[in-house]
Structures are given as structure tokens and as C-alpha cells.
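Results of the structural survey
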Number of protein chains: 2
Amino acid sequence: MNSAASEPALIGIDWGTSSLRAFLIGANGEVLDRVSSAEGIMQVKDRNFEAVFDKLISCWGHHSKLPVLASGMITSRNGWIETPYARVPLDARDLAQALVCHRTSGGTELRFVTGVTTEHASGPDVMRGEETQIVGAQAVGLSDGTFVMPGTHSKWIRVAGGRIEDYATYMSGEIFAALKGHTILGTLMEEGPHHAAGFAKGVAAGLDAGSSLLHDLFHVRTLPLMGRMEGGAVADYLSGLLIGAEVKAALARGDANGPVTIIGRSDLADRYETALTTAGLQSRRAPDEIVAKGHFLIAQAAGLIS
Amino acid sequence: MNSAASEPALIGIDWGTSSLRAFLIGANGEVLDRVSSAEGIMQVKDRNFEAVFDKLISCWGHHSKLPVLASGMITSRNGWIETPYARVPLDARDLAQALVCHRTSGGTELRFVTGVTTEHASGPDVMRGEETQIVGAQAVGLSDGTFVMPGTHSKWIRVAGGRIEDYATYMSGEIFAALKGHTILGTLMEEGPHHAAGFAKGVAAGLDAGSSLLHDLFHVRTLPLMGRMEGGAVADYLSGLLIGAEVKAALARGDANGPVTIIGRSDLADRYETALTTAGLQSRRAPDEIVAKGHFLIAQAAGLIS
């Protein structure tokens, strides 16, 4: 703990599919302490989320009266409590009004930040957790514009006037893993360090106006087969092709006007920065732990912090 | 055998990744007899293709002096003999000149029809076996126009003046299997009979001008998640989405002007016919066993049949 910091005021939990992070948050919104664990919702034995939660915050036992906010896939069908989706457009106040309260058998009250839905012509879209990070971005001066959150299911989120206006999900990360692991495209790949040239070539192919993913993916096979790409470049070529196609689609949807703020793991953020630059777009990065700022702002809007 | 048919003149083998078919072909190009086996190249133990071949044609032992033509993935890197690719444009005569001869240890001479390559701005494309079927289509009055050959890797082939002008591969079939089996999209699918309405909805989404596959695929998750699609429709929705996107891409490439001839398994052909009709295109079907006609025409062009 930082002795110069304000008093603890809130516990925030970002509980995702494959990991969780908990934050002890001060009265000014700063992170005083943090713990993390690999116990994402899919790793919790017998779905005993309460046991994981109790263990997680036991180190902060002397703060057991603090309000607790949790966000992320923990509110999904496979999580602790399945909560309804709030609809775009929305901001911290709307999320505060939609908090779902839950009392553990030990008497601790948690409040879940609910997920968010939007409706496109092609169908509905859903997210759980990203909305809290977007709220947090406002606390660090990143209030408006386009945000991209790379990952298994990338989110492109438009924010205007401090509100989440709309967003779209792209399955690039999960599709990369499925194609690499379970199709012929993986067979000519060789493990190795990041291959920047292979990635750049893939990005260019994915961004190309005439490209069609179902066709162009076959080049991940034919280029090494014909001796025109070394094996160590192939996986990064596939990664670039998918990320390039994602950026092209986001541009076509109008999701990438102006500078794009990248929120996420640094290796993935590097890839998106390269793709955005290649597409002629400026990008900037959000600092780590903005999710805790989101928990703080939502708790404040809910009147949980004076 | 048909007693009214001409004398046997050729043995043709269509040897693919997962199965093979052999034909005893008469002097007029008709199929006199056929055998098939599940011994595609990936199922041949110790790559002992010769043993499979010897067993396969043993029933036609009294015709052991006939010329033998083989086409398909048998000429690929994982096949018996890896042959070079011929380049588009080409016709039966070009394929006849490019035949690759091989003598088995038993003294039988085989001739392999080599694969075909083309060059797109985005990279090279390859096929092995489809070119022989296209040649065969000419023998049944289907000489010009666009051909689609659905499958693991669909081929769209343009034929003009009896020559293969160009073609493109779409990975729709293999991607369908990878997404269904190895991503979150498979988790809300329920087995059941073909769901025509789910398929049609997917086709419409895939054909939509504003669609982006990386985004729209997420609706395969969200529609059943939000209770807007029954589980029994989901797999066919995914199938329709991919086939619709393939047809849209082929149209954009100019690969689908005029009626399209579908060559392939009838259940897949039905799906493509539906997608083509939805896209406003007429389609027709090629008869079965045109590959044997292709073997016949190439053998004739090579002077192997008088």
C-alpha cells in the first residue's frame, strides 16, 4: 500500500473467462493494492465462485465493510449470477442504476456491473466487462472516440459525450486459434520469434479492398507450399491477415474515424497498432488498470462512495 | 459391365484426400465398371500407394495392358508422386502434355494428371483433381461458364472456349468444421435434421453487402444466446453464413457471371443451389462421374487411346 494514498473506499473485481484481478481502490479512485489469479470463470471448480471470492479478498479482511463491485464474464450464463444486458447508449450512471446486488452466504454484499447489448441489422451483439473499462478510460482523459479491445473476441467501441454509443465484436482471436490448431493452415507453420515481415504482409492482404477472407486464407497454405514464404512467418501472416480484415471491416462500419485507443495486452496492442498505422489511422494506448477506475466511477454514480 | 458398351480402353482413377474412385472406361468414353474405396491419400498406411493401387485394379487384371490415368491429391506433397503445377489458362491438350509417367515395381505404367496453379494479386492458388472434372464437363455439353465445386476447399472455376481461364479457392468447408468443433460457436448448436430456415437466414446474412465475416460470425453465438434462434438451427445458420459469404466474394471477383454449374455431392450442391438462387443466379448441376470423362479426354489428347 502507498502510505500517501487516500483511505480504501471500494473493492473492484474484473472477473473474466480465463483470469481475474481484484483491486483495493482509494477514495480518490487510485489503486492501493491488487491481487490476481488464474481462476477465470471457466477454471472455477464446481462453479464455487463464492469460495474463490472469499479467498481472494481475505487479505483485505479488515476492509470487509467496503462496497464490492464485480464486472466481466462473471455475470454471464457460465458465471456466478447471470444478469440481464443494459442497452446502448449508456454511461456510468446507467450502469450504476443497473447494478445487480448479491449477498454471499457469509453476508458480504457484492454488486455486479451488468453486461451491455446492442442491435445491428445482422443481429444482436453482447459484451461483459469491456463497458467498465470504457467508463474507466474517462477518468484518464480518454473520454471520446473509438476504442479497440483486442482479444479472443475483439470489441470496437464508439464513445461520444462520455457515453458508449455503439460497438461491434470481431472473433479474430478465437478464429486465429481455431485455424492454426485445427485446419490445414497450421501444418506448414514453424514456431519461432515474432515475424514482423510476415505479419506486415498479412495486414496488407487483409486490408486490401478486394480481399475476401474465405479465399485469402488459402494463401496461408499456398505461399509456404509454393516456397514463397518461410515456415516461421506463416502464423504471423495469418494473424496479420485476420487483424487487417478486422480493421478493414471496422473502417467500413465507421467504427474507426479519428484516432483509435487500444486497450489490452501489450503484445496484442503492438499488432493492432501496426495494423492501424498501415490503414493510415493514428492510435494511442490506454494505461493499465483502467477497469479499476471504471469500478470507482460506477460506484460513485451509484452513491456507494461519498 | 454393360454388354452393349464398347471395349475397355482406359482405367481412370480419381484419388483424393479422403477417398478414391476408379473407373474402367470404354473406347467411347463411357464408364463400364467402377470401384471405390475410403483409402484417400491420408488413409494409406505407410504411404504404400502401390499396394492400394494393385489391389484396386486387381479385379480388372485381364485389362492390365490398358493405359491408366490418375488425378487428384495423389499428386500432392502427401501423395504418391508430387508433380509440378501446370498454369492457367489450359485445356485437355495442355494437361495431356503435362502428364507425369510412373512405373510401379510390378511394371504397370501410370500417368498422373498434374495439378494446376494460378496467380492472384493476393497470392498463388492451387488445385489437384478439379481440372480433370472440368475437362470431363466438356464431354457432357457443359463446356463454358462458371463452375463451383463445393467441399472442404471450394473451387470456383471460369471456363471459356473449352479452356480453364482462372479459378479461386474458398476455405468455407474446412472453416465451418473448425468453427463448429473448436470455437464457442459450437456450444449452442443442437443436432437435428437440416434446418432450411436457419440456413436461409445465414445465406441472407452472408450475402448482405455490409456484412463482415469476422463480426457476423459472432451472431452464431448471440442469436441463440438471446433466445432468438433455436439450437437446431444454429449449425445450418453458420453453414449458410459461410456459403453466402463465399457466393458474395465470388460475385465480387466476377467469378459468377451467368449460370453456375455445380459439381459435387448432392447435399452440398443443394446448399449452393439455394445460396446461388438467393443471390439471383441461375444454377445447373453436372452429372456424376464426369471425372472419368476427363480422364478419357486427356488420354485421347495424349494419344493413349486411338
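To be clear, the structure that these remarks concern was listed above.
First things first, this report covers the structure right here in the doc. (Residues numbered from 1 in each chain as written. Chains lettered and ligands numbered in written order. Predicted model: local features only at pLDDT ≥ 70, side-chain atom pairs only at ≥ 80, totals over all residues. Heavy atoms only, no water.)

Apart from glycine, the bulk of residues carry a negative phi angle, and the bulk of peptide bonds sit in the trans form. Omega for the bond connecting Val88 of chain A with Pro89 of chain A falls within 30 degrees of zero, at -10 degrees, which places this linkage in the cis form. Here Pro89 of chain A is to be found in the loop between β5 (85-87) and α2 (92-97). Located in the positive-phi region is Glu289 of chain B, a residue other than glycine, with phi close to 65 degrees. Of note, Glu289 of chain B is situated in the loop between β14 (283-285) and α10 (290-301). On the basis of relative accessible area, Glu289 of chain B is assigned to the buried category, the value being 18%. (Helix = DSSP H or I, 4+ residues; strand = E, 2+ residues; numbered from the N terminus. Buried < 20%, exposed > 50% of the residue type's maximum accessible area, 1.4 Å probe, protein only.)

This part is about the interface of chain A and chain B. In this complex, chain A contributes 45 residues to the contact, which on the side of chain B involves 45 residues. Buried area between chain A and chain B, both sides added, is near 3800 Å², and the carbon and sulfur share of it is 70%. On the chain A side of the interface with chain B, the three residues burying the most area are Leu214, His215 and Phe218 of chain A, jointly 19% of the side's total. Linking chain A to chain B there are 2 salt bridges. Close ionic contact of Arg228 of chain B with Glu119 of chain A constitutes a salt bridge, the shortest N to O distance being 2.6 Å. One can count 21 residue pairs in polar contact (both at pLDDT 80 or more) joining chain A with chain B. (Contact = heavy atoms within 4.5 Å. Buried area = accessible area lost by both parts, 1.4 Å probe. Salt bridge = Lys/Arg side-chain N within 4 Å of Asp/Glu carboxyl O. Polar contact = N/O pair within 3.5 Å; in protein donor to acceptor, adjacent residues only side chain to side chain.)

Let's shift gears to the nonpolar core. Trp156 and Leu217 of chain A together with Trp156 and Leu217 of chain B are the most contacted members of the largest nonpolar core, which totals 86 residues. For Leu217 of chain A, the residues in contact, after removing those within four places along its chain, are Leu179, Leu185, Leu238, Leu241 and Leu242 of chain A together with Met171 and Ile175 of chain B. (Core = buried A, V, L, I, M, F, W, Y, C linked by side-chain atoms within 4.5 Å.)

Counted by the stated rule, this structure contains 1 cavity of 30 Å³ or more. Estimated volume of the largest cavity: approximately 70 Å³. What lines the largest cavity is Ile175, Leu179, Leu213, Leu214, Leu217 and Leu242 of chain A together with Ile175, Leu179, Leu213, Leu214 and Leu217 of chain B. Counting residues per element, the ones that place at least two in the lining of the largest cavity are α4 (172-182) and α6 (213-216) of chain A together with α4 (172-182) and α6 (213-216) of chain B. (1 Å grid on protein atoms, 1.4 Å probe; cavity = no way out; pocket = protein on both sides within 12 Å on 5 of 7 lines; lining within 4 Å. Points joined across faces, edges and corners; volume = space filled by probe spheres on them.)

With an RMSD of 0.0 Å, chain A superimposes on chain B once it is rotated by 180 degrees and translated 0.0 Å along the axis. Taken together, the turn and the small shift mark the pair as related by a two-fold rotation axis. Closest to the rotation axis within chain A is the C-alpha of Ala178 of chain A, separated from it by 3.0 Å. Mapped onto chain B, 98% of the interface residues of chain A are again interface residues, and the two copies thus contact each other with one and the same surface. (Least-squares fit on C-alpha atoms with pLDDT ≥ 70 in both.)

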